[in-house]
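Each chain is listed here by its residues.
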Amino acid sequence: MSFISPIIGTMRRALIAGATATLLFAGAGGAAAAPPSDASVSAAPAAAHSPYAQLRPLAALSAERLATGDLVAAAKWGTGSPIDDPARERVVLDSVAEQARQLGADPEATVRIFRDQIEASKIVQRGLFREWDADPSRAPAERPDLNEVRKEINRLNGELVRAIAASPQARSAPYCAPLVTVSAARIWYERHLDPLHTAALARSLRSVCG
């Protein structure tokens, strides 16, 4: 999985180079910042209504949602259930579009972001299936209840829709991409994401900006 290396390199560079932008847009004002360390990035303050504070929940919730991909994979493993489930995906996309409309958010933008969330989850599931095929001793010993897992996914979907609805200006601003990258880098650092989940997190955030 050598294609993952550039993504991890980007995450590491964002932890260093992106901290100044984080401080600026999080309400630290225009004062010049000293070259930051990883620790300073981890402790960077965020004002409640700053662009960074609006965008970081999108990365955090995306990472939480990706973690459910492990449970979905474990629930499907050995059952013959396909990873691709167009009927379930349609239900999810229709649901989040309706939630967006109720919140006065853009349903098309919401659906775009959720398409990426779904594809990112499938990256995790396919990656885990490959690992378990190659080494069955690493396969899950217990099978989660997929219906219960989907309840958690639905809860996270609702939180993510609300985060999307709360961040239209930040998501359309020119500084969106660097701040989302910094947010993803912090999540990668805090959660110690492995290469598979690092690549999936990057995929899940592809349509956040713009």
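About the cut-offs
Residues numbered from 1 in each chain as written. Predicted model: local features only at pLDDT ≥ 70, side-chain atom pairs only at ≥ 80, totals over all residues. Heavy atoms only, no water. Phe/Tyr/Trp six-rings, centres within 6.5 Å; stacked < 30°, edge-to-face > 60°. Helix = DSSP H or I, 4+ residues; strand = E, 2+ residues; numbered from the N terminus. Buried < 20%, exposed > 50% of the residue type's maximum accessible area, 1.4 Å probe, protein only. Salt bridge = Lys/Arg side-chain N within 4 Å of Asp/Glu carboxyl O. Axes fitted to C-alpha atoms, helices over the stretch in contact; angles between N-to-C directions. Left-handed = near helix turned anticlockwise from the far one by under 90°. Contact = heavy atoms within 4.5 Å. Nonpolar A, V, L, I, M, F, W, Y, C, P; charged D, E, K, R; others polar. Core = buried A, V, L, I, M, F, W, Y, C linked by side-chain atoms within 4.5 Å. Expected span 1.5 Å × (residues − 1).

### Thoughts on the packing of aromatic side chains
Evaluated as defined, the whole model comprises 3 aromatic pairs. With 5.4 Å between their ring centres and 75° between their planes, W77 and W132 make a pair best called edge-to-face. One end of the pair, W77, is in the loop between α4 (51–76) and α5 (86–102); the other, W132, is in helix α6 (residues 107–134), and 55 residues separate them in sequence. Take W132: its relative accessible area is 7%, and that puts it in the buried class. Consider the rings of F129 and W132, whose centres lie 6.1 Å apart with planes at 40°: the pair is tilted. One end of the pair, F129, and the other, W132, are both in helix α6, 3 residues apart, so they sit about a helical turn from each other. Of the residues examined, F129 reaches a relative accessible area of 15% and is grouped as buried. Linked through ring pairs, W77, F129 and W132 together constitute an aromatic cluster.

### Considerations on the pattern of salt bridges
Enumeration over the complete set of coordinates arrives at 14 salt bridges. Among the ionic pairs, R101 bridges to E98, the shortest N-O distance being 3.3 Å. Within this pair, R101 and its partner E98 are both found in helix α5, separated by 3 residues, close to a single helical turn. Look at E98 and you get partly exposed, because its relative accessible area is 35%. Each of D84, E89, E119, K122 and R126 takes part in salt bridges that share partners, so that together they form one network.

### Let's talk about the packing of α5 against α6
Interhelical geometry of α5 versus α6 gives an angle of 145° and a closest axis separation of 9 Å. The interaxial crossing formed by α5 with α6 has right-handed handedness. For the pair α5 and α6, the contacting residues are E89, R90, V92, L93, V96, A97, A100 and R101 in the first and P107, T110, V111, F114, R115, I118 and K122 in the second. Split into classes, the residues belonging to the contact of α5 with α6 amount to 9 nonpolar, 1 polar and 5 charged.

### Details of the environment of W188
Along the polypeptide, W188 turns up in helix α9 (residues 176–191). The class for W188 is buried, based on a relative accessible area of 13%. Through-space distance from the C-alpha of W188 to that of T198 is 6.8 Å; in sequence the pair is 10 residues apart.

### Here we look at the nonpolar core
As a rule of thumb, nonpolar side chains are buried together in soluble globular proteins. Formed by 47 residues in total, the largest nonpolar core has its most connected members in L55, F114, W132 and L201. Mapped by element, the contributors of at least two residues to this core are α4, α5, α6, α7 (146–165), α9 and α10 (195–204). Per-element accounting of this core gives the leading share, 10 residues, to α4.

### Describing the environment of N157
Mapped onto the elements of the fold, N157 is located in helix α7. The class of N157 is buried, set by a relative accessible area of 4%. Placed 64 residues apart in sequence, N157 and L93 show a C-alpha to C-alpha distance of 9.9 Å.

### Here we look at unusual backbone geometry
If you check the backbone angles, H192 has positive phi at about 55° while not being a glycine. Looking at where H192 falls in the secondary structure, it is placed in the loop between α9 and α10.

### Looking at α9
With 16 residues, α9 ought to run about 22 Å at 1.5 Å a step, and its terminal C-alpha atoms sit 22 Å apart, in line with that. Taken residue by residue, α9 has C176, L179, V180, V182, S183, A184, A185, R186, I187 and W188 as its buried positions. Looking one or two places after α9, you find H192, whose phi comes out positive at around 55°.

### A short note on the packing of α5 against α7
Look at α5 against α7: their axes get within 10 Å of each other, and the N-to-C directions meet at 35°. For the pair α5 and α7, the crossing hand works out as right-handed. The residues of α7 that touch α5, namely those facing R88, V92, V96, Q99 and A100, are R150, I153, N154, N157, G158 and V161. For the contact of α5 with α7, a count of residues per class yields 5 nonpolar, 4 polar and 2 charged.

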